[in-house]
Structures are given as structure tokens and as C-alpha cells.
Amino acid sequence: MKKYIQKIMRTLMAIRPMAWIVLVCMVAVLSLSIFPVETGCSAIEEYLCLVIPSITVIGVIICIKQGSIVKFSMIDGIVFGWYLYSMGRFWFEPIYPAFGFAIRTTLMLLIYTSLRVLFSSVRIKGDAIVIMLIFFAVIEMSIGYYQLLYGISRHPLYPVTGSFLNPGPYSAYIALGMVLLLSMNKQRIGIMENRVAFLLVLLGMQLVLTMSRAAFLAVGICMLMQYNSKIRGWRQWLMLVGIALAAVCGLYLLKSGSADGRGIINYIGIRCFAVNHWTGSGIGSFFHRFAEETAWLSRNSHTENLMKVDVIDYAFNDLMRVGVEQGALGLIFATALISVVMVRLWKNCRTLFLGALSLLIFSLFSYPFELLPYQIIATVMAAFAGTSLSLHYAVNGKHSGFCMALRFVIPMVLIGTLSLCCRAFIKERIDAEKGYGLISGFDDKAFTKDYFALMPYLLDNKRFLFDFAKLLSKQKRYNDSNDMLRNGARISNDPMFLVLQGNNYRDMGAVEEAEKAYLKAWQTMPNRIYPLYRLMMLYHDAGNRSKALKYAKKVVAFKEKIPSPAVRDMKREAQEIIKFGKIRI
């Protein structure tokens, strides 16, 4: 151990001062990937808005001092092209509220640009990024063990979640750490050392606790790529195929209901993509299109296949969401960027390539790139690949220093200005979410003005829109309430937005409109009994016995996933309507 520590110290002492500065900046960026993840805007994004201009200034100073410039690369062109395309869709097609997407996308572009400047000032090896990612994966693992020891997970149903809200995204970080550690150990040492094996065991135990099939698959594929040279002969390959098939079947049976649900989500998502396959449905449209397509399938007698559909907050396939919202053009940008970045990582750092591959595999079954930590990690990898593709060179001449200052001043000012603007908006959003937290759950009309004041900042917050709609409905402002509910239905596939619209129409005396809303709510989520119950009660209260009987039979025949007292009460009332023609009080 003493020799090992001395070797590390000699390595650290050999690092140049400028390289130290770059490494510290890298730590400042990647450390944000292990802070607690929140559903809305968070203080981490505020810090990021301060880190970005700081890194840019440092990179510019080093570039000017060393006479280096940033040369434009193919990756830069793809990144800026995709940003302009997606932001153009956001600004010129403001059908769906997606301010969070716009701010987060701009932040990632600013991080990418600042890191490109930084990496061009002092060239670092990919191994430096690998070591940092392994270090932060170990910290994330330590958080998991702390949660397991003291029972303070961030989700009541799971023992470990790390800095995330559930074990799924957490498992991706653990898988990333395992893949990087295995690859780096094989390439640099060639044999399994005790300390490496110990860390792998600890990471593997956390991976098992998460029960994440996507993470198991990502680690398995990356290990096969790393150690395929050790497999010799067709018999070993045949044995490996058999083991792989058995593992896939085992992973499916482990949580078959969840796997079937993911399959249905992907099937509906592909149908959504086919509706507007060239340009997509618009930024932020995924959940609305998902609900509309589910309702269409229900109307065309496909309800049995949709019984495992539920309310979703993520697409569970990052590439599919890009296709649905941005169409084939967005997919072209995405696949081009992924392809060029992966090729450059393969040529410059195989270990980092495998780490990126593990995240890409995971993203086909989950939503890592919708979360800030993995967006930061992916941006760092892209910036490193973009810099390795465009070699910087020295500029000589009488006025080279002045010319270089001019080259950097405009981008530096632009990055700083955009960062501060993003920070201002994020701060307003955080304050709005705090304000909403103070009044959430109260339905007194005195809070109506507060809701209206918060509305411009929280139009993409479905819980805020639902609570606001209930408050307006209680005041008999049914049209205003329905406006809020329609906004909510644009960003969510939750059928309760439609059920509450039906309630409003019922109270307004618009029975036909209420029936349409309730019926669409059931078609959007055919495994929910409540919309059918509301339909039954709508016609029971209106005195239309034939239609009340029709829906009462559907309520009685409904096969619920989980029995509950509420479901039993609904079926009891339906049976009374069938037997007596009315509900006995």
C-alpha cells in the first residue's frame, strides 16, 4: 500500500500546473452529478450557471497565454445544428409548454462550449475523466450503503436510490462505475487486483439491490466487448449464447409486469412517431401524443393490450422521445452525434467508449438523459471527443495576442450573458415552486391570485395545473378550470385531467360534453375503473336508465389490477343499479 501511495504521489507531482487547473474545473463540473436530483429546477442548476462562465474565463486565459485557439470540429457542427433545430421548434411552435427543456438544453450547450475552450487550452487524457467518473461512482455507491444502513432512501418502497428519486437511474451510475473500473483495470494492469475486485464486489452488491434489468444488460454487453478475446471456439460461444438467453429470460420473469409495460410504452411510442415521422409532434408533446394514441387504440378494440399502461413521467426510451417530438430530423442529429462521439472515444479512450456505451444501452430502456447528472456526463464526453477531433495549434505573429483576445472576447461575453440569464430564470422558477409548495393542498379562494401569479413559471408542472383547476372548479369557474385542465392534458397522460373536465361539464349541465370527457379518460387509461364509474353516475343522476345500466354492467365486469375498498364500493353501486335501477341510500 505504501508503494502504491508513493506511485500516486509521483504521478500527481508530475502534472503540470495548467493541467491541475483543468482537472479542478473538471471536478467542479462532474461533482454536480452526485448532488440530489429533484423533479423541477434545483439549486444545482443555479450553481452550474456560475460554474460555466468561470470555466470559460479560465479556459480563455490559458488559451491566450499559451497561444492556442479552439478549432471548429464536426461534433461542434452537429451539436450547434441540433440545438438550433430543437430551439427553433420550441420558439416557433409553442403548442406545448417546454420551458424546462429550453433552459436545460441551453445549459448543456453552454457547458459543452465552455469545456471545449477548456480542453483546447490544455489537452488531458481520457483516463483523467475515467478516474473522476469512477471516483464519483464510488461516492454514489457510498450514499447507497449509507441509505441501506440507516433506512433513509429517497423512495419509501426501495432500500437504495443514491442521490436519485428511485433505484433505476441510480443503477445506471453504478453500472457506469463497474464498466469503467473493469475496462481500466484490464487495459492498464491486465490482471484483477484485490482492491479493484473489492470495489467491484461492493458496486455489484448495490447493482443487485436495485434489481435493474437495463443496468444488468448494459454491464453484460460491455463486459462481453471487453473480454471477447478470451472466448475461443464455437463451443464456448454456444455456451455463452445459452447463458445469455437464460439470463434474458430470467430478467424478464424477474419483473414481467414491468417488462410488458415497457413493451407497450415502446409500441405506443413507435405509433406516435409514425404520425409525424419527419418533423415530430413538437417539443414537449410526447405525453399528449402518448395519451391520444392510447385513446385511439382503445377506441379500436385494443383495450386488452393496454391494461398495463399507466401514468408515465418519462418516455423510458430517450431516443424514442426524440423521434416522437422532433421527428426523423431530430433522430438524424441524435444518431449522427452519437456515432461521431463514439468513434472518437473508441480511437482516443476505449474505456470511456465503454462507459458511454453502457449509458446508451441503459437509455434504450430507461430515461438517464432526461436527468441532469447524465446530461452533464454525456456533455463532458462529447466535449472531450470534440476536442480530440479538432487539434488546436499555436498562433504566431506580431498581433497574435490581440487577435486571439478578440476571438475569445465575444464568445466569452455571450456565454457569460446566457449563463446569467438562465440563472435568473432558474431562480424565478425555484422561487415559484417554493411558493406553490406553501399553498399546495389549500383550496381557499384567497389563494387564487397567488396561483395566477405563479402560473407563467409553472405551466409545465402538471400538479400545479391540477390543483389550480380544482381550486377554480370549487369557485364554479368551470371554463377557467377546464382551461387549466387542457393545459395539463398537454403535458401528461393522467386521465384525471379529463375526469375533472367531465365533472365541470356535468356541473354546467353539458351532459354530452361530460360523457365525451369521461369516455376519453377511460380510453386513455383503460385499466382505470373510475372514469367508467363517473359515466355510470352521470346517467344515473340524469335519469337515463338505459345508459346508466350500460355502464353499470361495464363497471361490474371490470377486472381491476389491485382490489381496494373504493373499487368494491363502486361495483356495489353498479350492482344496485343493475338489480334495482337505482342506488339505494
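Along each chain, residues carry numbers from 1 onward, in the same order as the chain's sequence is written. Note on the predicted model: pLDDT of at least 70 is required for a residue's local features to be given, and 80 or more for side-chain atom pairs to be given and counted; whole-chain, interface and lining totals, by contrast, use all residues. For side-chain calculations, the full set of non-hydrogen atoms in the structure is used, while hydrogens and water are omitted.

Help me out: how do you make sense of the overall build of the protein chain in this one?
Helix and strand counts for the protein chain come out as 24 helices and 0 strands. The C-alpha atoms of the protein chain give 27 Å as radius of gyration, which agrees with the globular expectation for 585 residues (25 Å, within 12%). Considering only C-alpha atoms, the protein chain reaches an extent of 90 × 65 × 45 Å along its principal axes. Taken across its 585 residues, the protein chain has 50% of its residues classed as buried. Contact between two residues is taken to exist if any of their heavy atoms lie within 4.5 Å; hydrogens are not considered. Sequence separation of at least 24 residues holds for 74% of the intrachain contacts in the protein chain that already meet a minimum separation of 6. If you sum the accessible surface of the protein chain, you get close to 28500 Å²; carbon and sulfur atoms cover 65% of it. For the purposes of this entry, the term helix denotes a DSSP run of H or I that reaches at least four residues, the term strand denotes a run of E that reaches at least two, and both are numbered from the N terminus. As a reference, a globule follows 2.2 Å times the number of residues to the power 0.38, and the radius of gyration itself is taken over C-alpha atoms. Using a 1.4 Å probe on the protein chains alone, a residue whose accessible area is under 20% of its type maximum counts as buried, one over 50% counts as exposed, and one in between counts as partly exposed. Reported accessibility uses the Shrake-Rupley method at a 1.4 Å probe radius. Residues are deemed covered only where the shown protein chains occlude them.

Looking at this structure, how should I read the nonpolar core?
By nonpolar core is meant a set of buried Ala, Val, Leu, Ile, Met, Phe, Trp, Tyr and Cys residues that side-chain atoms within 4.5 Å join together. Core analysis: the biggest nonpolar cluster contains 119 residues, and Leu345 and Ile376 have the highest contact counts within it. Membership of the second largest hydrophobic core comes to 24 residues, among which are Val499, Leu538, Ala574 and Ile577.

Looking at this model, I keep getting lost on the pattern of salt bridges. Mind explaining?
By definition, a salt bridge exists where a carboxyl oxygen of Asp or Glu is found within 4 Å of a side-chain nitrogen of Lys or Arg. Summed over all chains, the structure comprises 24 salt bridges. Residue Glu433 is joined to Arg429 by a salt bridge in which the shortest nitrogen-to-oxygen separation is 3.1 Å. Here Glu433 and its partner Arg429 are both found in helix 16 (residues 400-439), 4 residues apart, which amounts to about one turn of the helix. The two residues Glu433 and Arg429 agree in class, both being buried. In this structure, Asp507 engages Arg506 in a salt bridge whose closest nitrogen and oxygen atoms are separated by 3.2 Å. Of the residues examined, Asp507 reaches a relative accessible area of 40% and is grouped as partly exposed.

Help me out: how do you make sense of unusual backbone geometry in this one?
Among all residues except glycine, the phi angle is most often negative; among peptide bonds, the trans geometry is most common. For Met211, which is not a glycine, the phi torsion comes out positive at approximately 55°. Mapping Met211 onto the fold places it in the loop between helix 8 (194-210) and helix 9 (213-227). Taking the relative accessible area as the measure of exposure, Met211 reaches 32% and is therefore partly exposed. The backbone of Phe316 sits at a positive phi, close to 60°, despite the residue not being glycine. With respect to the helices and strands, the residue Phe316 is situated in the loop between helix 12 (286-299) and helix 13 (318-348). Given a relative accessible area of 14%, Phe316 falls into the buried group.

Got a minute to help me understand the confidence of the model for the protein chain in this structure?
Detailed reading of the predicted coordinates is not advisable wherever pLDDT is low. Confidence scores per residue from the predictor, reported as pLDDT, run from 0 to 100. Of all residues in the protein chain, 92% have pLDDT values of 70 or greater, and the mean over the chain is 87. Residue range residues 391-399 is modelled with pLDDT below 50. Its contacts to residues more than four positions away, or to other chains, number 15 contacts.

Teacher, can you tell me more about the state of the cysteines here?
Whenever a pair of cysteine sulfur atoms sits within 2.5 Å, that pair is classed as a disulfide. One pass over the full model with this rule turns up 0 disulfides. Free cysteine Cys49: the closest other cysteine sulfur is in Cys422, separated by 5.4 Å. The buried category is assigned to Cys49, whose relative accessible area is 1%. No disulfide involves Cys421; its sulfur sits 7.1 Å from the nearest other cysteine sulfur, which is in Cys422.

Please explain a nonpolar patch on the surface as it appears in this structure.
Patch membership is restricted to residues that have no salt bridge and whose relative accessible area is over 30%. Joining uses 9 Å for like charges and 5 Å for the nonpolar side chains Val, Leu, Ile, Met, Phe, Trp and Tyr. A cluster of nonpolar side chains, namely Tyr146, Leu149, Tyr150 and Ile152, defines an oily patch on the protein surface of about 470 Å² accessible area. Residue position: Tyr150 is located in helix 6 (residues 126-150).

Please explain helix 23 (residues 545-557) as it appears in this structure.
An α-helical turn contains 3.6 residues, so a residue and the one three or four places further along point in the same direction. Expected helix span is given by 1.5 Å per residue-to-residue step, counting one fewer step than there are residues. Spanning 13 residues, helix 23 covers 18 Å between terminal C-alpha atoms, matching the ideal 18 Å at 1.5 Å per step. Along helix 23, the residues that are buried comprise Ala548, Tyr551, Ala552 and Val555. Down the axis, helix 23 shows its buried residues gathered within 115° of arc, on one side only. In this structure, helix 23 carries Ser546 and Ala557 as exposed residues pointing more than 90 degrees from its buried face. The arc in question is the one traced by the directions running from the helix axis out to the C-beta atoms.

What should I look at first to understand the packing of helix 18 (residues 462-474) against helix 20 (residues 496-508) in this one?
Comment: axis = line fitted to C-alpha atoms, over the contacting stretch for helices; angle = value between 0 and 180 degrees taken between N-to-C directions. The interhelical angle for the contact between helix 18 and helix 20, taken along N-to-C directions, is 10°, at an axis separation of 11 Å. Put simply, helix 18 runs roughly parallel to helix 20. Counting all contacts with helix 18, which are made through Lys462, Phe466, Ala469, Lys470 and Ser473, the residues of helix 20 involved are Met496, Phe497, Leu500 and Asn504. Put simply, Ala, Val, Leu, Ile, Met, Phe, Trp, Tyr, Cys and Pro go in the nonpolar bin, Asp, Glu, Lys and Arg in the charged bin, and everything else, Gly too, in the polar bin. In the contact of helix 18 with helix 20, the residues fall into 5 nonpolar, 2 polar and 2 charged. With respect to orientation, any angle under 35 degrees is reported as roughly parallel, any angle over 145 as roughly antiparallel, any angle of 65 to 115 as roughly perpendicular, and every other angle as oblique.

Honestly, the side chain of Thr379 in this entry has me stumped. Any pointers?
Locating Thr379 in the fold gives a position in helix 15 (residues 372-389). Ignoring anything within four residues of it in the chain, the contact list for Thr379 reads Met108, Ile111 and Tyr112.

Hey, could you run me through the environment of Leu224 in this one?
As for its placement among the helices and strands, Leu224 is situated in helix 9. On the basis of relative accessibility, which here comes to 34%, the residue Leu224 falls in the partly exposed class. Sequence separation of Leu224 and Leu240 is 16 residues, and the distance between their C-alpha atoms is 9.7 Å. What Leu224 contacts, discounting residues up to four positions off in sequence, is Ile231, Trp237 and Leu240.

I'm lost on helix 2 (residues 17-30) in this one. Help?
The first and last C-alpha atoms of helix 2 sit 20 Å apart over 14 residues, in line with the 20 Å expected at 1.5 Å per residue. The set of residues buried in helix 2 consists of Met18, Ala19, Val22, Leu23, Cys25, Met26, Val29 and Leu30. Projected down its long axis, helix 2 carries its buried residues within an arc of 160°, all on one side. Helix 2 presents Pro17 and Val24 as exposed residues on the side facing more than 90 degrees away from its buried surface.

In this structure, what is going on with the environment of Ala295? I would like to understand it.
Examined against the element boundaries, Ala295 turns out to sit in helix 12. As a C-alpha pair, Ala295 and Ala521 span 226 residues in sequence and 8.2 Å in three-dimensional space. Beyond its immediate stretch of four places on either side in the chain, Ala295 contacts Gln523 and Thr524.

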